[in-house]
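Listed here are the chains, written in short residue letters.
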Amino acid sequence: MNSDTRKTERYDDIGRVDAPAISPMPGVLDNISMTGCKVHYQFPVTVNPEDDIELSIMFARAATEGRFTLLCHPQWVKNGDDFTEIGFKFLPSKDLVHISDYIEDLYMENRTDSLADQIVGSICGSI
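Residues numbered from 1 in each chain as written. Predicted model: local features only at pLDDT ≥ 70, side-chain atom pairs only at ≥ 80, totals over all residues. Heavy atoms only, no water.

> Break down the packing of aromatic side chains for me, with residues and values.
Under the counting rule described, the total for this entry stands at three aromatic pairs. When the centroid spacing of 5.6 Å and the interplanar angle of 65° are considered together, the rings of Tyr41 and Phe43 count as edge-to-face. Of the residues examined, Tyr41 reaches a relative accessible area of 1% and is grouped as buried. Phe43 gets classed as partly exposed once you look at its relative accessible area, which sits at 26%. Between Phe59 and Phe68, the aromatic rings sit 5.6 Å apart at their centres with planes inclined by 55°, giving tilted as the arrangement. Like Phe59, the residue Phe68 is buried in the burial classification. (Phe/Tyr/Trp six-rings, centres within 6.5 Å; stacked < 30°, edge-to-face > 60°. Buried < 20%, exposed > 50% of the residue type's maximum accessible area, 1.4 Å probe, protein only.)

> Requested: an account of the pairing of strand β5 (residues 68-79), with residues and values cited.
Here strand β4 (residues 53-59) pairs with β5 via five bridges, running antiparallel. From the neighbouring strand, Glu54 faces β5, where its bridge partner is Leu71. Sheet analysis places β5 next to strand β6 (residues 84-90), joined by seven bridges and oriented antiparallel. Along β6, the bridge assignment pairs His73 with Lys89. Hairpin connection of β5 to β6: four residues between the antiparallel strands. (Pairing = 2+ DSSP bridges. Helix = DSSP H or I, 4+ residues; strand = E, 2+ residues; numbered from the N terminus.)

Right, here's the structure in full:
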């Protein structure tokens, strides 16, 4: 999906994604938002677009916090000869609040404007 049409901002991140309903081997988290995530497998997998799937995600930067378990629904699947990419939508899940906190941290880390830049920009923009 085009980033201009997304409802929420996505953050590039990496982590291990276990989804036994898809594969006994883990996938890799590519990015995440408040509403979903993108996962890729370095080999082809089969995904039923009608099934809700439980993902267990361990973020590389927050490995000490353990795994987050989320119920997700596949929104799209892209298959190649030697890979599969899947876009998931988050469904109500027990760890969804923890994911929201994690994404808030990513938002704070990715803010590019310092407070001084915001003040200067607002003053200079109004002159």
